Each structure stands twice: as structure tokens, then as C-alpha cells.
Amino acid sequence: MKDQAHTLRRIFEGGDSRNYPQVLSVTSGKGGVGKTSIVVNMAILLASKEKKVLVLDADLGLANIDVMLGLTPKYNIQHVLEGQCLLEDIILEGPKGIKIIPASSGIQELADLTPEQKICLMNSLDYFDQDIDYMIIDTGAGISKNVMYFNTAAQRVLVVCTGEPTSITDAYALIKVLRKQYGVKHFDLIVNNVSSKVEGDQVARKLTLVCERFLGDVALEVLGSIPTDMSIPECIKGQKAFVGVHPNSEATVRLERIVNRLEHTSRDADTGNLQFFLRRMFLNQVKGSNHAGHSVSGSY
Ligand SMILES: Nc1ncnc2c1ncn2[C@@H]1O[C@H](COP(=O)(O)OP(=O)(O)OP(=O)(O)O)[C@@H](O)[C@H]1O
Ligand SMILES: [Mg+2]
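The sections below set out a description of the structure shown in this document. (Residues numbered from 1 in each chain as written. Chains lettered and ligands numbered in written order. Predicted model: local features only at pLDDT ≥ 70, side-chain atom pairs only at ≥ 80, totals over all residues.)

## Some remarks on the overall build of the protein
A tally of helices and strands in the protein yields 13 helices and 8 strands. Counted over contacts in the protein with a minimum sequence separation of 6, partners at least 24 positions apart contribute 81%. (Helix = DSSP H or I, 4+ residues; strand = E, 2+ residues; numbered from the N terminus. Contact = placed C-beta atoms within 7 Å.)

Structure, rendered in C-alpha cells:
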């Protein structure tokens, strides 16, 4: 492993020409809208296109990524922070070679790391940066300090909502907090669990209009929608990814389109890649509460 001074120098000075990975966070205002399913299956689709993908499980909810894929981690990020093992020792390997950091039980502390712990984590993550194209973070729901911590450090914030009015208002509330309190201007939107493409388009339009009207300069890139498909909960019960079990289903095809769109609308490489993420992790003092509630709602 490289020495810490080398890592810090490289992160803060920048200026080398490597192709750094993109860091995406997948987030939502309301819980249970399909983030973890999307993260897992999106990671597998990207890996099927020869991309190297690292998934960070930052979700405090019950549906953790390792459980969804039937993996049993021996250690998690808490053990790394306590110096009991290295990050590479806790990485799990999922379908198509995706790498997973099973962080769920230690993630609460990530927003409050000591400088020494931050250096330890940055140094560990830096170890991977030449070897991955995408890092996808499953943030969990709501506007807790932890969720904000990852959303403000990521290059792209993918907001997931469904057609339920509460999910739409909570998505708006999350975007509003990220815009007004943290200065995030660009968002991507995935509408999940819709009865038709028309419903997906209507939800996206509603959210776009309300953001334009009340937040002005927020840019919302609509990546697409995913239909309701009862084989998705079935696959979760069987601890399998739906894109593997049902490669030709409408849900898989629509998620493939979303992934294509994601690839073809990549953001400015200088802001938000892994180096940027690490820098933000180091410098960020994120405002907000430690409340890890699963729903937010707010007036316009
Ligand atoms: N398109 C879909 N069609 C049918 N069911 C779906 C769809 N997407 C997700 N689900 C189901 O919704 C439930 C919640 O999904 P998931 O755990 O991925 O949501 P989440 O947003 O990660 O939840 P949490 O906020 O608790 O972390 C699961 O039972 C899943 O099978
Ligand atoms: Mg989840």
C-alpha cells in the first residue's frame, strides 16, 4: 500500500492524467423506492459492458446490498476504521466481478470521522482508483447528515422516486435541501415502479416543473423509468439480481437504457471523480442532523 503522504499529495495537488472513476450516489427522499435494487442491477449492467464497478453500501436500511445478493461479509468498514483489517480485505465480489464495500454497520460514523480515520479511508480508497470506472454509493433515504455527506461528495446524484405523491414531494424536498443548503445544482432522475412509460414521463415532468418553478437554476436530467415488475421482489427473495435472472424483461431493458444514458451524459471529469470525492470527504463538515429517518417532506 502507498504511503499516506503520497496519497494526500496526489489528491490535493491533482494534475495527473489518469482516467479517474466517476462517483455516483443513488438517493431518495422517501424510503423503499428501489434504490438498492437499482444500485445492484445497474452495477451488474455496467460490469457486463466491461466497466469495473465498486459499490459502497452506505444504506442504514434493512435491505443491504450483501443480503440482496446472498453474500455474507465477515468484516465491514468498522473493522477497517478500527485498524483491524485493510479495505481490500473486506471487499466482496458480486456477479460479473462487481466489488462491494459492505459498510452498513459502520457507516453511521463516516460523516464524523477523525482526521486520522479519514486519511486511513482515503488511503484505502485511493488504492482502488486505478482499477475502477464507476463507484456507486447506495446512500439510504432521507436528509440525514450521512446521506448528505455522500450526496455532496459524489459527482452525480441520482434521485430515485416512484409515482406516489409522497415519493415525489420527498424527492423535491431532498433536491431542495441539496440545492439550498449544499449548492448542488445538477441531479439525475430515475422514476421507478411505474405502470407505464407515460406515467414515468408524467412524474418526471411534474418534478422538473416544480424544480424549475421553485428552485430556478436546478438541472434535472431524466434518465428514464422502470416499470413495476413483480419478479423484482421475487428475485430479492431469492437473493439474485433481476438483470441476471430476467435479461430480456422490460425492467432490464429499461434499466439498460438508463445505464446507456448515464454513460452518454457524463459530467465534467474534474469535479466529482474519486479524487474530488476523497478531497470532499477530507474537508467536508456536513451540516444537518444525525437523524437517519426514512422519509422527508417539505413545503415548497
Ligand atoms: N420496479 C419495481 N417493481 C416492483 N417492485 C419493486 C420495483 N423496484 C423495487 N421494488 C421492490 O420495492 C422494495 C424496496 O426496494 P429497495 O430495497 O431496492 O428500495 P430502497 O429504496 O433501497 O429501500 P430503503 O430506502 O429501505 O433502502 C423491494 O421489495 C423491491 O423488490
Ligand atoms: Mg436500500
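After that view, the rundown keeps rolling.
## Structural notes on unusual backbone geometry
Even without being glycine, E50 reaches a positive phi, approximately 70 degrees. If you trace the backbone, E50 turns up in the loop between α2 (35-48) and β2 (53-57). On the neighbour-count criterion, E50 (9 C-beta atoms within 10 Å) is exposed. The phi angle at N193 is positive, at roughly 60 degrees, despite the residue not being glycine. With respect to the helices and strands, N193 occurs in strand β7 (residues 186-194). (Buried ≥ 20, exposed ≤ 12 C-beta atoms within 10 Å, placed from the backbone.)

## Observations regarding helix α7 (residues 145-153)
An α-helical segment advances 3.6 residues per turn. Residues three or four places apart therefore align on the same side. Where burial is concerned, most of α7 is hidden: 8 out of the 9 residues are buried. Residues of α7 that are buried include every one of N146, V147, M148, Y149, F150, N151, T152 and A153, and no others.

## Side note on the environment of Q239
Take Q239: it is sitting in the loop between α10 (231-237) and α11 (242-245). Overall, the presence of 12 C-beta atoms within 10 Å leaves Q239 in the exposed class. Sequence separation of Q239 and V67 is 172 residues, and the distance between their C-alpha atoms is 6.9 Å. With residues near it in sequence (within four places) discarded, Q239 still touches M68, L69 and G70.

## Some words on the sheet that holds strand β8 (residues 219-227)
Strand order in the open sheet formed by 8 strands is β3-β4-β2-β5-β1-β6-β7-β8, and the pairing between neighbours is mixed. Looking along the sheet, the strands with just one partner apiece sit at the ends: β3 (92-93) and β8. Pairing between β2 and strand β5 (residues 134-141): 5 bridges, direction parallel. When the bridges of β5 are listed, D57 appears paired with D138. (Pairing = 2+ DSSP bridges.)

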